[in-house]
Amino acid sequence: MPFHGLHATRGVSGRASRSRSAVKILITGGAGFIGSHLAEHLAEGGDSITCLDNYRTGRNLVRHPRIAYQEGDVRNVDAVTAMVRMTDVVYHLAAAVGVRYCIECPDYAFETNVVGAHNVLQACLRHRKEFVYISSSAVYGKTRRSRVSEDADVTYGSVCREEWFYSHYKGTIDGLLCWYGRCGKAVKILRVFNCIGSRQSGAYGMVVPRFVGWARRDRPIQVYGDGQQTRTFADVRDVVRGIALVQRSGHCGEPYNLGGTEEIRIIDLARRIRKMLRSRSRIVCVPYEEAFVRGFEETRRRRPNIAKIRSLGFVPRWCTDQTLEWIVGDGHLRLQDRQSS
Ligand SMILES: NC(=O)c1ccc[n+]([C@@H]2O[C@H](COP(=O)([O-])OP(=O)(O)OC[C@H]3O[C@@H](n4cnc5c(N)ncnc54)[C@H](O)[C@@H]3O)[C@@H](O)[C@H]2O)c1
């Protein structure tokens, strides 16, 4: 089934093998934090990239001869279909990202994360293009497992509570894709755990750029809750390599965890960043109710088991401290800080 230089064959396992030559790629959300790094990574590999983005939360326009930008919205079926038709592989990253954004704009988040994602998926199925979905560790809900695997049972809070909307929205598409994969469709799924790096914005609640911004200005670093909750942090340069690897070698409809391996308490993250920047910031604990909504519940622990993606040959290259050093020395973030102060 050759189309636009991409030759895809599918074996009984549903695995797509391909001989690649100048693949035409569409990245929705390509001006965002991860999308912009992915575009750069794939363009460096010789692919030709078009980024579709409405610039709502991201405007990272990378200058590269093989990267083009198209302003547009994944909620618009006609715009999506026209672009999907012209490509070989679609990486779907456009989303209202994070719990805070979904609490503040639940309707927009639903239209983008569920309806928009479904629009892109349906266009891919109709025009026989490969669909690579960037799902999230949020689909694992409140798990307290020491290392969460792809087949873990999950528990969410009440469906009425908006802090779980992000998990539900990402999980709805993720689950549907697992089913499409079992039906033999060319869909790939990555469940990304907290990802950090240059170009990430702190404006929508992401913890590392916020801590760096406060520490740089010697302002109080606000830690939500008691700070004992833990996370792992993956370097975006590792994440984009992982995404490209699953697109090339992953099994269709099989979710792959992709995240860091070092578990850190959030209060210790604040201390590390303060030390790196030789900041005089105080660290203050802010009750969840003040930071979010009454009765807000946060997942205490989130650490991936990445054995499955490792079995494809994935090896993380960057440890958390190296990534934090990269971020604190990042001119892009310094510019954001100046603009917001
Ligand atoms: N950053 C993380 O730690 C993380 C972790 C897990 C999963 N993810 C997933 O990775 C993807 C990218 O996240 P990110 O961190 O780069 O966030 P981001 O906000 O930087 O990127 C999202 C991009 O989507 C665009 N967008 C939003 N609504 C749109 C719409 N209706 N139509 C077209 N474009 C739209 C935004 O303008 C932005 O450029 C998301 O799907 C997110 O759920 C991110």
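Just so we're clear, the structure is a prediction, and the values are computed from it rather than from any experiment.

Caption draft 1: Region of the structure containing the site of the ligand. Taken together, 28 residues lie around the ligand, and Gly-29, Gly-32, Gly-58, Ala-94 and Ala-95 are the ones closest in. Going through the elements one at a time, helix H1 (33–44), helix H4 (106–126) and strand E8 (130–136) are the ones with two or more residues in the shell around the ligand. Counting residues per element, the shell around the ligand draws most heavily on H1, which supplies three residues. Class assignment of the residues belonging to the shell around the ligand gives a composition of 13 nonpolar, 11 polar and four charged.

Caption draft 2: Fine view of the sheet that holds strand E15 (residues 263–265). The strand order E15-E12-E17 describes an open sheet built from three strands, whose pairing is mixed. The sheet is open, and its two borders are formed by E15 and strand E17 (301–302), each paired with just one other strand. The pairing of strand E12 (residues 230–232) with E15 spans three bridges and is antiparallel. Paired with Arg-231 across the two strands is Ile-264, which belongs to E15. Contacting E12 and E15, helix H8 (residues 266–276) crosses the sheet at an angle of about 85 degrees to E15.

Caption draft 3: How the structure looks around the sheet that holds E8. Taking strand neighbours across the sheet as the criterion, the seven strands line up as E6-E5-E4-E7-E8-E9-E14 in an open arrangement whose pairing is parallel. The open sheet terminates on both sides in strands that have one partner only, identified here as strand E6 (67–71) and strand E14 (255–258). Each strand axis lies, on average, 20 degrees off the axis of its neighbour in the sheet, ignoring direction. Relative to strand E7 (residues 89–92), strand E4 (residues 24–28) runs parallel, the two being bridged by four bridges.

Caption draft 4: Summary view of the pairing of strand E5 (residues 48–53). Among the six residues that make up E5, five are buried, leaving the element largely enclosed by the rest of the structure. Bridge count between E4 and E5: five bridges; the pairing is parallel. Looking at E5, one finds that Thr-28 is bridged to Leu-52. Strand direction decides the pairing type here: E5 and E6, joined by five bridges, are parallel. By the bridge assignment, Thr-50 is partnered in E6 with Ala-68.

Caption draft 5: Quick look at the environment of Ser-281. Mapped onto the fold, Ser-281 is located in the loop between H8 and strand E16 (283–286). Judged by local crowding, Ser-281 falls into the partly exposed class, with 19 C-beta atoms found within 10 Å. For the pair Ser-281 and Asp-107, spaced 174 residues apart in the sequence, the C-alpha separation amounts to 37 Å. Among all residues touching Ser-281, those that are not within four sequence positions of it are Trp-214, Ala-215, Asp-218, Arg-219, Pro-220, Ile-221 and Arg-274.

Caption draft 6: Representation of the confidence of the model for the protein chain. Overall, the prediction assigns the protein chain a mean pLDDT of 90, with 91% of residues at 70 or greater. This stretch, residues 1–19, has a pLDDT under 50; its non-local contacts, to residues over four places away or in other chains, come to 32 contacts.

Caption draft 7: Quick look at the packing of H8 against helix H11 (residues 320–328). H11 packs onto H8 with a crossing angle of 50 degrees between their chain directions and a minimal axis gap of 11 Å. With respect to their mutual orientation, H8 and H11 come out oblique. The element H8 and its partner H11 pack so that their crossing is right-handed. Residues Arg-272, Ile-273 and Met-276 of H8 touch H11, and the partners they reach there are Leu-324, Glu-325 and Val-328. Class assignment of the residues belonging to the contact of H8 with H11 gives a composition of four nonpolar, no polar and two charged.

Caption draft 8: Geometry of the packing of helix H6 (residues 207–216) against H8. Between H6 and H8, the least distance of the axes is 9 Å, while the angle of their chain directions is 45 degrees. The pairing of H6 with H8 is recorded here as oblique in orientation. The two elements H6 and H8 meet at a crossing, and its hand is right-handed. Facing Val-207, Phe-211, Val-212 and Ala-215 of H6, the residues of H8 in contact are Ile-266, Leu-269, Ala-270, Ile-273 and Arg-274. Among the residues making up the contact of H6 with H8, the classes are represented as eight nonpolar, no polar and one charged.

Caption draft 9: Representation of the pairing of E7. Side chains of E7 alternate between two faces, with Val-89 and Tyr-91 and Val-90 and His-92 buried alike. Looking at chain direction, E7 and E8 are connected through four bridges and run parallel. Looking at E8, one finds that Val-89 is bridged to Glu-130.

Caption draft 10: Representation of H11 within the structure. Within the sequence span of H11, burial applies to Thr-320, Thr-323, Leu-324 and Ile-327. Buried positions in H11, seen along its axis, are confined to an arc of 100 degrees and lie on one side of it. Seen from the open side of H11, the exposed residues pointing more than 90 degrees away from its buried face are Asp-321 and Gln-322.

Caption draft 11: Representation of H8. Where H8 is concerned, the buried positions are Ile-266, Leu-269, Ala-270, Ile-273 and Arg-274. Buried residues in H8, looked at end-on, bunch into an arc of 135 degrees, giving them a common side. Lining the buried residues of H8 we find H6, strand E11 (221–224), E12, E15, E16 and H11. Where H8 ends, the next residue or the one after it, Arg-278, has phi of about 45 degrees, a positive value.

Reading the values: rules and limits
Residues numbered from 1 in each chain as written. Predicted model: local features only at pLDDT ≥ 70, side-chain atom pairs only at ≥ 80, totals over all residues. Near = placed C-beta within 6 Å. Helix = DSSP H or I, 4+ residues; strand = E, 2+ residues; numbered from the N terminus. Nonpolar A, V, L, I, M, F, W, Y, C, P; charged D, E, K, R; others polar. Pairing = 2+ DSSP bridges. Contact = placed C-beta atoms within 7 Å. Axes fitted to C-alpha atoms, helices over the stretch in contact; angles between N-to-C directions. Buried ≥ 20, exposed ≤ 12 C-beta atoms within 10 Å, placed from the backbone. pLDDT = per-residue confidence, 0-100. Parallel < 35°, antiparallel > 145°, perpendicular 65-115°, else oblique. Left-handed = near helix turned anticlockwise from the far one by under 90°. Arc of directions from axis to C-beta.

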